[in-house]
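Working through the structure, step by step
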Amino acid sequence: MTILLRRAFCSHVCPVGTLSEWLGKRGAAFKVPQLRVRGRIDRALGLLKYVVLGLVLWATLSARELVFRGACPAYALISRHGTDISVWAYVVAGAITFTSLAVVLPFCRWFCPLAAVLTPLSKFGVARVKREGASCTDCGRCAAACPMDIAVDQLPQVTEGRCTSCLSCVDACPKASDGTLYWGPPGWMGDRWSRAVLFAMLLVCLAGAAAAAYLVPLPSYVKSRGTPPERTRTLEMRVSNLSCRGRANLLFWYLDRDDMFQLNSSVPGEGTYFKLEAWPGPGWSRIRVTYDPATADDDAVRGAITEPYFNLREDRLQTQWMEPPFGIEGYDPLTTDPGRLAW
Ligand code: SF4
Ligand code: SF4
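The structure displayed is predicted, hence computed values, not measured ones.

1. Looking at the site of ligand 2
What surrounds ligand 2 is a group of 13 residues, the closest being C136, C139, G140, C142 and C173. For the shell around ligand 2, the residue count by class is 6 nonpolar, 2 polar and 5 charged.

And the structure:
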């Protein structure tokens, strides 16, 4: 999408960008004093998003968990507002809402880590705003309308990575209908495209992403132990309470064990191969466990997930069984494994 349409995602798809842009227009319409941050200060503040990206990557790699997700305003906006959202997401969203009334796209320009990823790619974007210098009156309205502070009135083509293809400049140009300012690809691809083409392309990209996610549903959590043997067995099931990556880590811990449910009963403690792939989410979530059939079977896997346990931190004398947090759809451990009743 970015290689085709520059940062059109920011202006037309991202809930934070779209909302922030809309609030900016409402703020101006309701005469909220506008603070224009331009030039060097804007460019210096724009570097902050690379710092945020670095911090997010460093913290995520260190923790092996999406530690910033709970504070992400975009995630908060599209989530079910459950326990995976921290109060910080609402604080950040509130700050963006408030600031956007007076400052153009504050989060998108200066803090968004996704913008830091998209901006360098966007430099190679195919579609761009183009200006016919011969008929331009140099009125400067296009540059004044640009939320990204791009000097549209001085460029023959806008190839800046920060252009979000919002087309505010084209809308502001009094000579746009004469073909002075327009948007499109390089000449050999048709020269100029209408706004309908922009939205059609966005829809095709989004539909492609949705189709890919449906046809090739990649798990968002993958972790394995040991070396894969020549022959493996795969067990798919739906489990409850697997709402996030943290929960998936906990489920991995349930499988990665050293007792009767270890997936290698013949060599205790050695840990043969198994892999957990999970699609965490609300309600019942899908998981796939791949293991070595020479050392375990399906019941051992299911038992490992649903077996009661001792809370060794609070119950050092091991007096009370704890119920496991996970359930398996269509699987009742007590009827499937009556031996458990004896425990
Ligand atoms: S106003 Fe024009 S140049 Fe500025 S971001 Fe929007 S499309 Fe790009
Ligand atoms: S708004 Fe149109 S006419 Fe005015 S400077 Fe920009 S391109 Fe030229």
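2. Examining the sheet that holds strand 4 (residues 233-239)
Ordered in space as 3-5-6-4, the 4 strands form an open sheet in which the pairing is antiparallel. Edge strands, defined here as strands with exactly one partner in the open sheet, are strand 3 (221-225) and strand 4. Strand-to-strand twist in this sheet, taken as the mean axis angle between neighbours without regard to direction, amounts to 15°. Pairing analysis gives 6 bridges linking strand 5 (residues 274-279) to strand 6 (residues 285-291), with the strands arranged antiparallel. Counterpart to K275 in the pairing with strand 6 is T290. On the sheet, helix 13 (residues 245-255) packs against strand 3, strand 5 and strand 6 and is oriented at approximately 20° with respect to strand 3. Packed on one face of the sheet, helix 14 (residues 298-306) meets strand 4 and strand 6 and runs near 35° to strand 4.

3. Points about helix 7 (residues 87-100)
Compared with an ideal rise of 1.5 Å per residue, which puts 14 residues at 20 Å, helix 7 spans 20 Å between its outermost C-alpha atoms and is within 8% of the ideal. Residues of helix 7 that are buried include every one of A89, I96 and S100, and no others. Seen along its axis, helix 7 keeps its buried residues to an arc of 30°; they face one direction. Looking at helix 7, the residues exposed on the side facing more than 90 degrees away from the buried face are V87, W88 and F98. Summarising the contacts, the buried residues of helix 7 are in contact with helix 3 (15-29), helix 6 (73-78) and helix 8 (106-110).

4. Brief notes about the side chain of D298
In this fold, D298 is placed in helix 14. With a relative accessible area of 14%, D298 lands in the buried category. Contact partners of D298, with chain neighbours within four places excluded, come to R233, L235 and Y291.

5. So, the domain arrangement of the protein chain
Interfaces are often described in size by the accessible area the parts lose on coming together. Segmenting the protein chain into domains produces domain 1 (2-213) and domain 2 (221-341). The distance between the C-alpha centroids of domain 1 and domain 2 comes to 44 Å. At the interface, 5 residues of domain 1 touch 5 residues of domain 2. Between domain 1 and domain 2, a total of about 410 Å² is buried, with carbon and sulfur atoms accounting for 45% of that surface. Taken together, domain 1 and domain 2 are joined by 0 salt bridges. There are 0 residue pairs in polar contact (both at pLDDT 80 or more) connecting domain 1 and domain 2. Of the residues in the side of domain 1 that touches domain 2, the class split is 1 nonpolar, no polar and 4 charged.

6. A few points about the packing of aromatic side chains
How two aromatic rings sit relative to each other is set out by the distance from centre to centre and by the angle between their planes. The full count for this structure, using the stated rule, is 4 aromatic pairs. Geometrically, the ring pair formed by W253 and Y254 is edge-to-face, given 5.6 Å between the ring centres and 75° between the ring planes. For W253, a relative accessible area of 56% gives the class exposed. Judged by its relative accessible area of 4%, Y254 falls in the buried class. Pairwise contacts between aromatic rings join W253, Y254 and F326 into one cluster.

Rules and cut-offs
Residues numbered from 1 in each chain as written. Chains lettered and ligands numbered in written order. Predicted model: local features only at pLDDT ≥ 70, side-chain atom pairs only at ≥ 80, totals over all residues. Heavy atoms only, no water. Near = heavy atom within 4 Å. Nonpolar A, V, L, I, M, F, W, Y, C, P; charged D, E, K, R; others polar. Pairing = 2+ DSSP bridges. Helix = DSSP H or I, 4+ residues; strand = E, 2+ residues; numbered from the N terminus. Axes fitted to C-alpha atoms, helices over the stretch in contact; angles between N-to-C directions. Contact = heavy atoms within 4.5 Å. Expected span 1.5 Å × (residues − 1). Buried < 20%, exposed > 50% of the residue type's maximum accessible area, 1.4 Å probe, protein only. Arc of directions from axis to C-beta. Domains from an automatic or database assignment. Buried area = accessible area lost by both parts, 1.4 Å probe. Salt bridge = Lys/Arg side-chain N within 4 Å of Asp/Glu carboxyl O. Polar contact = N/O pair within 3.5 Å; in protein donor to acceptor, adjacent residues only side chain to side chain. Phe/Tyr/Trp six-rings, centres within 6.5 Å; stacked < 30°, edge-to-face > 60°.

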